[in-house]
Amino acid sequence: MPGQTPREVLALCRERDLRAVDLRFMDFPGTQKHFTIPVTALSEKSFDDGFGFDGSSIRGWQAINESDMLVVPEPGTAFVDPFMKQTLVMTCNIQDPITREDYAKDPRNVARKAESYLKLSGLADTAQFGPEAEFFVFDQVRFDQNEHEAYYHVESSEGQWTRGQNSSTGNAGHKIRYKEGYFPVPPMDTLQDLRSEIMFILQDCGIEVEAQHHEVATAGQCEIDMRYASLLQTADHLLLYKYVVKNVAAKYGKTATFMPKPLWNDNGSGLHLHLSLWKNSTNLFAGSGYAGLSEAALFAIGGILKHAPAILAFCCPTTNSYKRLVPGFEAPINLTYSSRNRSAAIRIPVHTPHAANKRFEFRCPDASANGYLAMSAMLMAAIDGIQQRIDPGRPLDKDIYDLGPDELADVPQTPRSLEESLSALRRDHDFLLRGDVFTEDVIDTWIWYKSEKEVEALRQRPHPFEFAMYYDA
């Protein structure tokens, strides 16, 4: 829990008879890592001294000749693991063992610096983020890629495509049609108990949950909404959220994925991020402007829309992300803003008039993102918008998907590929460097890794659909 001291963590270990401590951190692209020590190796001194590990084995980090690094446990992140026996979990910060400086390419360090920069700017003292992370739960998935074959196969008892199939467990016919998965009740919604168990475990781990429900897509698309928190807490919570979702799914004999677009021709999964800035316990985004927003909120929207192509390199960081950002599936492809309208990249919720609830929602990100980097980039763009007084232009309150070509001509669109976003980031990243939040090395490494390991890797491989299109050429 936030504010928890090392002494209180050690007391918790004694009270719960815990015997192991799992030390976790995130690699550069965004996958959580861990190693485990016996509880007897943890002392109050450990929270200062840290524990050594090999940084050269972590993607995008150290060279082999400078591999030694430290994980330093953060006591405020401690919780008892709901899946591993007698185990305490803590998220860690990464440091250089010689200089004891925080490591620039530790994503959590970037988020900590973003929060510090916000305070130093004098604009606000807290950035509150409310995440809506969507995911799919499938019965089974198979996939492979090698020199002579490439395929994937998804199985889901909910999927409309299984209506005509025989099944060892029977086929009762209650299937979710394409794009009709929003809020069905059981027996059509087969995942109610699974989502509730996830919700209960998250609450037991100290995360406040607002709601859980089935999402729009067929075949097990889900959403569980966490209550807003500070940038760093929200990023920490997203790591725990993914961990719980995947392990509960495994417990039920199923598999969960945060891949943005695992199903063609159906809705993809997003990570909608609600943002508000606060100072002295006052929400700075409440005002008398458009949709009840303040001037600062509108300038923040202007900053995010201006820098969106660049920050999507962090917020939509996979080649698959851009298969979600296509017309017709409720995904925002036009960089504009609106109240209520979910077809805009930024939406202003208007369900409550209370000043404390005033915020806007950036709908482009997806949950394949490294939360620490994605939210830091979004915050830096918002800060730049306020500092530079960037006008977001006029809102677009019409249904964007029904607009004609002439009406859409002046509306900028999201990048169509990860390669385009990385190019935008290469051109436009000065706003990220302020306060040393992101460094040139972080930007360069991100562009290099994503270009070489993902964009080029995909470009070189034949696609199964190419056989359907070109085999008889």
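Notes on the structure in this doc start here. (Residues numbered from 1 in each chain as written. Predicted model: local features only at pLDDT ≥ 70, side-chain atom pairs only at ≥ 80, totals over all residues. Heavy atoms only, no water.)

1. Looking at the environment of Asp 48
The cut-off we apply is this: Helix and strand assignments follow DSSP, with helices taken as H or I runs no shorter than four residues and strands as E runs no shorter than two, numbered in order from the N terminus. Using a 1.4 Å probe on the protein chains alone, a residue whose accessible area is under 20% of its type maximum counts as buried, one over 50% counts as exposed, and one in between counts as partly exposed.
Position of Asp 48 among the secondary structure elements: in helix α2 (residues 46–49). Judged by its relative accessible area of 56%, Asp 48 is exposed.

2. A closer look at the pattern of salt bridges
Rules: Salt bridges are counted wherever a side-chain nitrogen of Lys or Arg sits within 4 Å of a carboxyl oxygen of Asp or Glu.
A complete count under the given rule lists 20 salt bridges for this structure. Of the charged contacts, one joins Arg 459 and Glu 419 as a salt bridge, the two residues approaching to 3.2 Å between their closest N and O atoms. You can see Arg 459 sitting in helix α12 (residues 440–459) and its partner Glu 419 sitting in helix α10 (residues 418–427), a full 40 residues away along the chain.

3. Describing the environment of Gly 328
Mapped onto the secondary structure, Gly 328 falls in the loop between α7 (321–324) and β16 (337–339). In the structure, Gly 328 is positioned 281 residues away from Phe 47 in sequence and 50 Å away in space, judged by C-alpha atoms.

4. Some thoughts on the environment of Gln 212
Note the cut-off: Working rule for contacts: check all heavy atoms of both residues, and any pair within 4.5 Å makes them a contact. Whenever two N or O atoms come within 3.5 Å, that pair is a polar contact, provided that in protein one can donate a hydrogen and the other can accept it, and provided that, for residues adjacent in sequence, both atoms are side-chain atoms.
You can see Gln 212 is positioned in strand β10 (residues 209–214). Residue classification places Gln 212 among the buried positions, given a relative accessible area of 14%. For the pair Gln 212 and Asp 17, spaced 195 residues apart in the sequence, the C-alpha separation amounts to 32 Å. The residues touching Gln 212, leaving out its near neighbours within four places in the chain, are Gln 192, Arg 195, Ser 196, Met 199, Glu 223 and Ile 224. For Gln 212, the side chain forms a polar contact with the side chain of Arg 195, separated by 2.5 Å. At a separation of 3.0 Å, a polar atom in the side chain of Gln 212 contacts the side chain of Ser 196.

5. Section: the packing of aromatic side chains
Here a ring pair, both rings aromatic, is described through the centre-centre distance and the interplanar angle of the planes. To keep things clear, this is the line we draw: Side-chain rings of Phe, Tyr and Trp, where Trp is taken by its six-membered ring, are said to pair if the distance between their centres is within 6.5 Å; with planes under 30 degrees apart they count as stacked, over 60 as edge-to-face, and otherwise as tilted.
Counted by the stated rule, this structure contains 13 aromatic pairs. With centroids separated by 5.4 Å and ring planes inclined at 25 degrees, the aromatic side chains of Phe 136 and Phe 138 adopt a geometry described as stacked. We note that Phe 136, like Phe 138, is buried. An angle of 55 degrees between the planes, with centres 6.0 Å apart, marks the rings of Tyr 241 and Phe 258 as tilted.

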